[in-house]
Structure formats: C-alpha cells, structure tokens
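# Analysis of the macromolecular model
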Amino acid sequence: MTTSPDDRALLAQAEKPAGVRAVSAEAIAGRQLRYYDLAMAAFAVILICSNLIGAGKPAQLDLPGWGTVTFGAGILFFPLSYVLGDVLTEVYGFARARRVVWVGFAASIFAATMSFVVVALPPDPTWKGQSALAEVFGQVPRIFIASIIAFWAGEMANAFVLARLKLLTRGKLLWTRTIGSTVVGQGVDSLIFYPLAFAGLWETSLVIQVLLTNYVLKVVWEILLTPVTYRVVAWFKAVEGLDVFDTGTDFTPFKTRV
C-alpha cells in the first residue's frame, strides 16, 4: 500500500523524541527489530502466570480509610502486562501487537493443555502431592475459556483504540491513549470474563463486586503508572530509533502478519 500525501504529512508533523523517526507500519513490515521479540516473550510469560496463578482467586485486603476490598488476585500482574501492552502498540504498531496477542493466546492454550496432561497422569503410589498439584494447576475449563476469550477481545480492543488515538493525536498526549485504551480494553475484558467464568458459581453480587472493583483498580493502576509508561515507551523508541504510526494499517484482528 502506498503512503498517501495525508499520511506523509502526518508522519512529518507527528510529535517524536529527538533521534527517533516517525514511520508508517508498512515501512517496517517484516523487519527484525531489536527488542520486539523480548517484549513478546515477556508478555507471554506474564499472561501465562496470570492465568495459572491468579485468575480464579478472589482476594481480600483491609485498606485503612476504605474498608475491605475484594478483588481478583490476577490484578497483581496487571501493571506489567499493560505497560508492555502499551509499549507494543505505541512503539511497534498495531500489527505487531496483534501478533503478540495471538502468541499469548496460543501460549495460554499450550500451558493449560500441559497442566491438564500433567495433572491427569497417574502418580506414583508413594508420591503424596497429587491432590495439591491438582488443586493448584487443575484447569477449570469454564474459567480457562472465559479467560482466554476475555484476554483476546480485551487486548485487541486495547491495541485498536491506542493505535487509532495515536493517529488522531498525531503522536501527542500519550496519556490520552494509554488511559483511554485501558478504559475500553479492560471494560471489554471484565464484561466477558467475570460473567462467563463465575455467573452461577459465585453469588451475583460477588461477581458484580469483583468485576467493578477490578475494572476500577485497573484503570486507576494505568493512571498511576502513566509516568512509568512514559519512561518505558521513551526508552524503547530511543533504542529502536523508530516511532510507528498505523497509517494504512489493516485493523482486522484475524491476521498475524507484521
């Protein structure tokens, strides 16, 4: 696809750090980038840990001046995953973020499958850890399915909103797109995951409470992490020497080409 005059004007006028050049996503299609693979691997690891460790546990903390707060334990992984998610789209563009979402999706399925196989294997009669292993790593199909569907839909929405806002703001006001994309992406994720995973298993009031609490906490986390996100994004752009804009990008979620 040829870059249009309007797109060239946008790239020329876009806000970018010194030493960093604004490019269209198509200009780096198929190109090896310095830290992209590392960011993708880190994202997949965080996602697998989130799904295996935190997804199914409602935790409680007593906060001074606030009272008892009930939240999903998986939120502990949120700061790392969403800073990385913002970096992937902001620095590398929608297509490369889309590929990472699909890699994370496949990695989650593999991890869940292997967990099922390991738990299902008959244990040695002298080993006493089978029940504990099954308790920790046994996958509840409903929770797993809800988790990966919510992850896929939420991350795709997050990447799409961030990429589109970057074009609309011409690369300025990074906070508007990191926070705005989280508001949308986490809204999609939460509205899918909690009803699919826990409706009928938890009291409806608990499902709604955990859904709303997690959603608000994640948006607040994103706001608090804005200075960190700025620094991490700036570092990635500086070492790559690039700032990718999704001019002419095909935003379908059903591709993995970069």
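You'll find the structure just up there.
Scoring rules and cut-offs
- Residues numbered from 1 in each chain as written.
- Predicted model: local features only at pLDDT ≥ 70, side-chain atom pairs only at ≥ 80, totals over all residues.
- Heavy atoms only, no water.
- Phe/Tyr/Trp six-rings, centres within 6.5 Å; stacked < 30°, edge-to-face > 60°.
- Helix = DSSP H or I, 4+ residues; strand = E, 2+ residues; numbered from the N terminus.
- Buried < 20%, exposed > 50% of the residue type's maximum accessible area, 1.4 Å probe, protein only.
- Lys NZ or Arg CZ within 6 Å of the ring centre and 35° of its normal.
- Axes fitted to C-alpha atoms, helices over the stretch in contact; angles between N-to-C directions.
- Parallel < 35°, antiparallel > 145°, perpendicular 65-115°, else oblique.
- Contact = heavy atoms within 4.5 Å.
- Nonpolar A, V, L, I, M, F, W, Y, C, P; charged D, E, K, R; others polar.
- Core = buried A, V, L, I, M, F, W, Y, C linked by side-chain atoms within 4.5 Å.
- Polar contact = N/O pair within 3.5 Å; in protein donor to acceptor, adjacent residues only side chain to side chain.
- Left-handed = near helix turned anticlockwise from the far one by under 90°.

### Examining the packing of aromatic side chains
- Inspection of every chain in the model, using the stated rule, returns 15 aromatic pairs.
- Judged by centre distance (5.1 Å) and plane angle (50°), the ring pair of Tyr-35 and Trp-235 falls under tilted. Taken together, the positions of Tyr-35 in the loop between strand E1 (21-24) and helix H2 (36-54) and Trp-235 in helix H9 (residues 226-240) put the pair 200 residues apart, joining distant regions of the chain.
- Trp-235 gets classed as partly exposed once you look at its relative accessible area, which sits at 43%.
- Grouping aromatic residues by their ring pairs yields a cluster made of Tyr-35, Tyr-36, Tyr-92, Trp-235 and Phe-236.
- Against the face of Tyr-36 rests Arg-96, its NZ or CZ located 5.3 Å from the ring centre.
- Against the face of Phe-245 rests Lys-166, its NZ or CZ located 4.6 Å from the ring centre.

### Description of unusual backbone geometry
- With a phi close to 55°, Arg-170 is a non-glycine residue in the positive phi region.
- Following the sequence through the fold, Arg-170 ends up in the loop between helix H6 (141-168) and helix H7 (174-198).

### Thoughts on the packing of helix H4 (residues 94-120) against H6
- Here H4 crosses H6 at 170°, and the two axes come no closer than 10 Å. Here H4 lies roughly antiparallel to H6, going by the angle between them. Of the residues in H6, those touching H4 at Phe-94, Ala-97, Arg-98, Val-101, Trp-102, Gly-104, Phe-105, Ser-108, Ile-109 and Ala-112 are Phe-144, Ile-148, Phe-151, Trp-152, Glu-155, Met-156, Ala-159, Phe-160 and Ala-163.
- Partitioned by chemical class, the residues of the contact of H4 with H6 number 15 nonpolar, 2 polar and 2 charged.

### Description of the environment of Ala-12
- Relative to the helices and strands, Ala-12 resides in helix H1 (residues 5-13).
- Separated by 101 residues in sequence, Ala-12 and Thr-113 have C-alpha atoms that sit 48 Å apart.

### Comments concerning the nonpolar core
- Among the nonpolar cores identified, the biggest contains 39 residues, and Tyr-36, Leu-88, Tyr-92, Phe-151, Trp-152 and Phe-236 are the most heavily contacted of them.
- Of all the secondary-structure elements, those providing two or more residues to this core are H2, helix H3 (78-92), H4, H6, H9 and strand E4 (242-245).
- Counting residues per element, this core draws most heavily on H6, which supplies 8 residues.
- Residue contacts for Tyr-92: discarding those within four places in its chain leaves Ile-28, Leu-33, Tyr-35, Tyr-36, Val-87, Phe-236, Glu-240 and Val-244.
- The next biggest cluster of nonpolar side chains, apart from the first, holds 11 residues, and it includes Ile-143, Tyr-194, Val-210 and Leu-211.

### Description of the side chain of Gln-186
- Its place among the elements puts Gln-186 in helix H7.
- Among the polar contacts made by the side chain of Gln-186, one reaches the side chain of Lys-218 at a distance of 3.2 Å.

### Side note on the packing of H4 against helix H5 (residues 130-137)
- Running from amino to carboxyl end, H4 crosses H5 at an angle of 160°, the nearest separation of the two axes being 10 Å. With respect to their mutual orientation, H4 and H5 come out roughly antiparallel. Every pair of crossing elements has a handedness; the one defined by H4 and H5 is left-handed. On H5, the residues touching Ser-115, Val-118 and Val-119 of H4 are Gln-130, Leu-133, Ala-134 and Phe-137.
- When grouped by side-chain class, the residues that make up the contact of H4 with H5 number 5 nonpolar, 2 polar and no charged.

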